[in-house]
Amino acid sequence: MSGFTDSSTLSERVKAIPGGEMLMMCYSCGTCTSKCMIQTKLEGSYNPRRLIREAVFNMDDDAFADKTTWLCTACDLCYTACPQKIHISGVINAVKALAVESGKKTPYQVAKVDESTCVACGLCEKICPYEAISLVEKRVAFRGTITVASVDANKCMACGLCTAACRSTSIRLAEDYNDAELIDSLLSWLETERVSS
Amino acid sequence: MVDAARQPLIEVKTFTEVEKVEGYVGNFVVTLREKAKYVRADRCNGCGACTKACPVEVPNDFELGLAPRKAAYIPMSQAVPLIYNIDMDACIHCYKCVEACGALEAIDFSMEDKLVEQEIGAIVVATGFSHFDPTPMTEYGYGRFPNVITAMEMERLNNSAGPTQGALIRPSDGKRPKNIAIINCVGSRDKRFNIGCSNFCCMYAIKNALLLKQMHPDAELSIYYIDIRTPSKGYEEFYDRARESGIRFIQGRPSEITEDPDTHQLFIASEDITLGKVIEREYDMVMLNQAAIPQPDQNHMSSVLNVAQSPGGWFMEYHPKLRPMDSPTDGIFFAGACQGPKDIPASVAQGSAAASRASRILHSDSWQIEPTVAVVWPDRCVSADGQACGICSRACPYGAIDYTKGLAAEVITAKCHGCGACVAECPHNAITQLHYTDAQVLAQIRTLLAIEPEKKILAFRCQWCSYGGADLAGTSHFEYSANERGLRVMCSARMDADLIYEAYRLGAGAILYSGCHPQDCHYITGQISGAKRAARLEKIFERMQVSPGRFRTEWISAAEGDKYARVINEMQASLDAIPEDVLKAEIERLRPEMSKRLTKMGEVPGVTQAMAQVDFIVDEMIGKEKGT
Amino acid sequence: MSETPKLVLFQCQWCLFSSADQEWVDNQLPANIHLIKVPCTGRINPLYLLNAVQGGADGIMISGCLPEQCHFKTGNIGARRQLEEFSDYLNYIGYEQERVRFLWLDLQDRGIIQKELAAFEAQLEALGPAHNLATRLAEPAGGANA
């Protein structure tokens, strides 16, 4: 080691995590930001280019509080578009891992298991794209020690695949549709008069 | 071009390809293929009657397919010489052109390609560059959206001699576009396609935008860029003029172009970096400023001329800073973009430089080369005994060794650049390199390892890179172990396995095998043969159970003084990690094996005598130091 | 006299790259189309489809992203498996295959969804209203439609 770099800085720590190696190669062209639809559809302050800058300049607090850190779903549209071939979601994931390590928690609502009805069939575990769900053995009130699904809050991206796949309606997103309400509104719309043409 | 054609001492050969280049500086023999034009140059007066008569229409390459041309044609109106040409791939043999030509009888369908050999003193390569085809960048929709066009297509559309007589129209509906976007760095500065910056496109984008603005003052021009690079004299002022005239510059690389399927309007999504926001803007037409790339047949030309290519495919110059117009082969020079993308002033400057370099050769009766050339001992060459070999000829990056089975290999001295690859590769020690003979190098090794060899790190450095790196480490005061003993050869290709074995036999503690990075090699591919040998040696030493860290291969450029110092210090650390008695036992264990591998070395002329001489001198010196 | 078909559009909120298209879907959708926006096609519970069928929807369109462009890596692949299989089942019990349409959109597709909806509507109009499985449709006073 040449001794010129301080391995405790955010940028060096990000680079040390698999996926974060290419951090310094970014020349800030903004392709990733405009390829990603989170900024236009969900969160105006979302900006992967800026998060990379924050990591490069060792701005730990800004990076960990940045919504980009928590909202990236690793769809990798930006990865194939990046002219510097930076695995951007890898970098973001590295920042996220460091944020989690420093005790930060995702500010977003994630999937929750209703342990009183879960039958541990494992469908949700199989369908989850983020490997956030695993089957664990635990003590559940009135049911004794049984196997149930468990969600890793820091991995869950709130896509709702598990909700759609669950056959016993035991898993749902905290901020989700109420299935009954959704179906009721659908039915009441369908009952309105047809328009004649 | 017209002037060049008029000059009596210049012969312009168009529609001619170079098939083969043989010989060496001042004495090249070049085989040219003069392609059949099917029109006799001595009779054609350029009247164009054949074109008028020709009924066949094919896409016009010069107009990038935006307009048709006939099968009997001239490539462009300024063509020199003004001689028509018949495209045999398109011709339907109706012979209407022959009728139209009439009494002139210039059209001759019996013409065939001619191979001509010419003696040439010096060669200037000016094959230019080509354009990146943006079709693979699907996000920009070129080829899918009619109003997305390339820079060259815009060039023809906006040219008064072009297919529309200079009327700027959109391909989808023929209307004049009002709102035009130019996207820079399409395929350049992009690791998915071409890593390099294409040098002139920023200026080119500004030029096109200004030109369009001047012709159509109501047009809205936007330029999307990553960085605007205007580094030469007067360029920044030009950029300022563009800003003044109201051209919008948007920093942010577009990620996606979408099109309204009904109106063919285009929408560019990009981040505006300065705003930190994603913006989507609507345009009538989009021009993609494509990357400059090497000519499609650059690889072929490179093998015909025997000149190397830099990473990216451009022809490689002798030295990037000091000799940018010279090829590594004496007598071949580069002018313009074939050596790397460059704008017109730079191309003109390099062209003039190349011409004057070439004229030096034409005015000389003799030519000076480096004295470190290779020489064959014909009596030791096994080829002379009829054995199949030719290893030296294959090792030579310059094709400077003639190998014919039954005859001793022969070095064409004028072509030899003195890397020493052949010397190291020859399995029979039948070649030597002047000033770096085996005897000379061995004498140095013996001297450097005369005292306490097990404590020494013997560093083989190549003259151009790692020696410079070690030099820089010294001048920059980067401290490294004082046990390092440096030894210079011209190239890592010269670092003969025998030299390494001898160093171990003498008891060297550790050996560094260092040279240039592959793309920096001064001798085209010398480093590659050096690297192959190093990899082979690493395997051999692993099998012999040489302690790890005692043999190390590193590629260090002349700018990497810090790396040189670090590598030596790391080697010292790994040498220190081996207990002294273990190291000494290992050296003793390996000595017989090393000696066995060195048996042929003793037969090399001069080696035994040199060794005796060195031992005598060294003993004298050590004796003096000991004070006996 | 024909009736404008009623159709339910399940739309993945990421599948329209163009904000103009999304704006159209959000605010200018014709009255005979009911929009259910989901975070991913993988979030669509087959139960929703079944309820739409039972409620008397004439057609169901599901718009999502191309396989390699899913915002949640593999959500749309799960949806393809789950929903296409379910539509086969619907076909089996009498809800024609032509009444369920999947629309996998590329990032560059602009103005496609309007055209596709119009084409689907025309197709449904030709098929006529779906009564077979409309078990939860309230009977209008005076009996079934003439």
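Colleague: Any chance you could explain helix H15 (residues 561-576) of chain B here in plain terms?
Modeller: Along an α-helix, residues three or four apart share an orientation, since each turn contains 3.6 residues. Residues and elements named next belong to chain B. Counted at 1.5 Å a residue, the expected span for H15 with its 16 residues is 22 Å, and the 23 Å between its end C-alpha atoms agrees. Within H15 the residues assigned to the buried category are Gly-561, Lys-563, Tyr-564, Ala-565, Val-567, Ile-568, Met-571, Gln-572 and Leu-575. On its buried side, H15 packs onto strand S24 (457-462), helix H12 (466-475), strand S25 (484-489), strand S26 (510-515), strand S27 (551-555) and helix H16 (580-597).

Colleague: Help me out: how do you make sense of the packing of aromatic side chains in this one?
Modeller: For any pair of aromatic rings, geometry is given as the distance between the ring centres together with the angle between the planes. All names here are of chain B. Throughout the structure, instances matching the rule amount to 17 aromatic pairs over all chains. Relative to Phe-193, the ring of Phe-132 has its centre 5.2 Å away and its plane inclined at 55 degrees; by these criteria the two rings are tilted. Taken together, the residues span a long stretch of sequence, with Phe-132 in the loop between strand S9 (129-131) and strand S10 (148-150) and Phe-193 in the loop between strand S11 (179-186) and helix H5 (201-215) at a distance of 61 residues. We classify Phe-193 as partly exposed; its relative accessible area is 28%. Judged by centre distance (6.4 Å) and plane angle (70 degrees), the rings of Tyr-225 and Phe-249 are edge-to-face. Of this pair, Tyr-225 sits in strand S12 (residues 220-225) while Phe-249 sits in strand S13 (residues 248-251), and the two are 24 residues apart along the sequence. When its relative accessible area of 12% is taken as the criterion, Tyr-225 is described as buried.

Colleague: Would you explain the state of the cysteines in this entry?
Modeller: Where two cysteines share a covalent bond between their sulfur atoms, that bond is called a disulfide. In this structure the tally under the stated criterion is 1 disulfide over all chains. Here Cys465(B) connects covalently by a disulfide to Cys516(B), the sulfurs 2.5 Å from one another. Since a negative S-S torsion denotes a left-handed disulfide, the Cys465(B)-Cys516(B) link at about 95 degrees is right-handed. Remark: Cys516(B) occurs in the loop between S26 and helix H14 (526-543) and Cys465(B) occurs in the loop between S24 and H12; sequence separation between them is 51 residues. Taken as a pair, Cys465(B) and Cys516(B) share a single burial class, namely buried. Here Cys162(A) stays free of any disulfide, with the sulfur of Cys159(A) as its closest cysteine sulfur at 6.2 Å. Left unpaired, Cys44(B) is separated from the closest cysteine sulfur, that of Cys50(B), by 6.4 Å. For Cys44(B), a relative accessible area of 16% corresponds to the buried category.

Colleague: Looking at this model, I keep getting lost on the packing of helix H1 (residues 19-27) of chain C against helix H4 (residues 112-127) of chain C. Mind explaining?
Modeller: In a pair of packed helices, the angle between the axes and the distance between the axes together describe the arrangement. All names here are of chain C. Closest axis-to-axis distance for the H1/H4 pair is 9 Å, and the angle between their directions is 40 degrees. The angle between the axes of H1 and H4 places the two elements in the oblique class. Side by side, H1 and H4 meet where Asp-21, Trp-24 and Val-25 of the first sit next to Ile-112, Ile-113, Gln-114 and Leu-117 of the second. Of the residues in the contact of H1 with H4, the class split is 5 nonpolar, 1 polar and 1 charged.

Colleague: Is there a simple way to think about the nonpolar core in this case?
Modeller: Nonpolar side chains in soluble globular proteins generally cluster together in the buried interior. Ranked by internal contacts, the top residues of the largest apolar core, which has 74 residues, are Val14(A), Ile88(A), Phe72(C) and Leu117(C). At 7 residues, helix H8 (residues 88-101) of chain A tops the list of elements feeding residues into this core. When we break this core down by domain, the ones giving at least three residues each are domain 1 (10-101) and domain 2 (111-190) of chain A. The contacts of Phe72(C), once residues within four sequence positions are left out, are Thr73(A), Pro129(A), Tyr130(A), Met157(A), Ala158(A), Cys159(A), Trp14(C), Pro39(C) and Cys40(C). Ala439(B), Leu487(B), Leu598(B) and Met601(B) belong to the second-largest nonpolar core, a separate cluster that totals 72 residues.

Thresholds, definitions, all that
Residues numbered from 1 in each chain as written. Chains lettered and ligands numbered in written order. Predicted model: local features only at pLDDT ≥ 70, side-chain atom pairs only at ≥ 80, totals over all residues. Heavy atoms only, no water. Helix = DSSP H or I, 4+ residues; strand = E, 2+ residues; numbered from the N terminus. Expected span 1.5 Å × (residues − 1). Buried < 20%, exposed > 50% of the residue type's maximum accessible area, 1.4 Å probe, protein only. Contact = heavy atoms within 4.5 Å. Phe/Tyr/Trp six-rings, centres within 6.5 Å; stacked < 30°, edge-to-face > 60°. Disulfide = S-S within 2.5 Å. Axes fitted to C-alpha atoms, helices over the stretch in contact; angles between N-to-C directions. Parallel < 35°, antiparallel > 145°, perpendicular 65-115°, else oblique. Nonpolar A, V, L, I, M, F, W, Y, C, P; charged D, E, K, R; others polar. Core = buried A, V, L, I, M, F, W, Y, C linked by side-chain atoms within 4.5 Å. Domains from an automatic or database assignment.

By themselves these figures say nothing about function.
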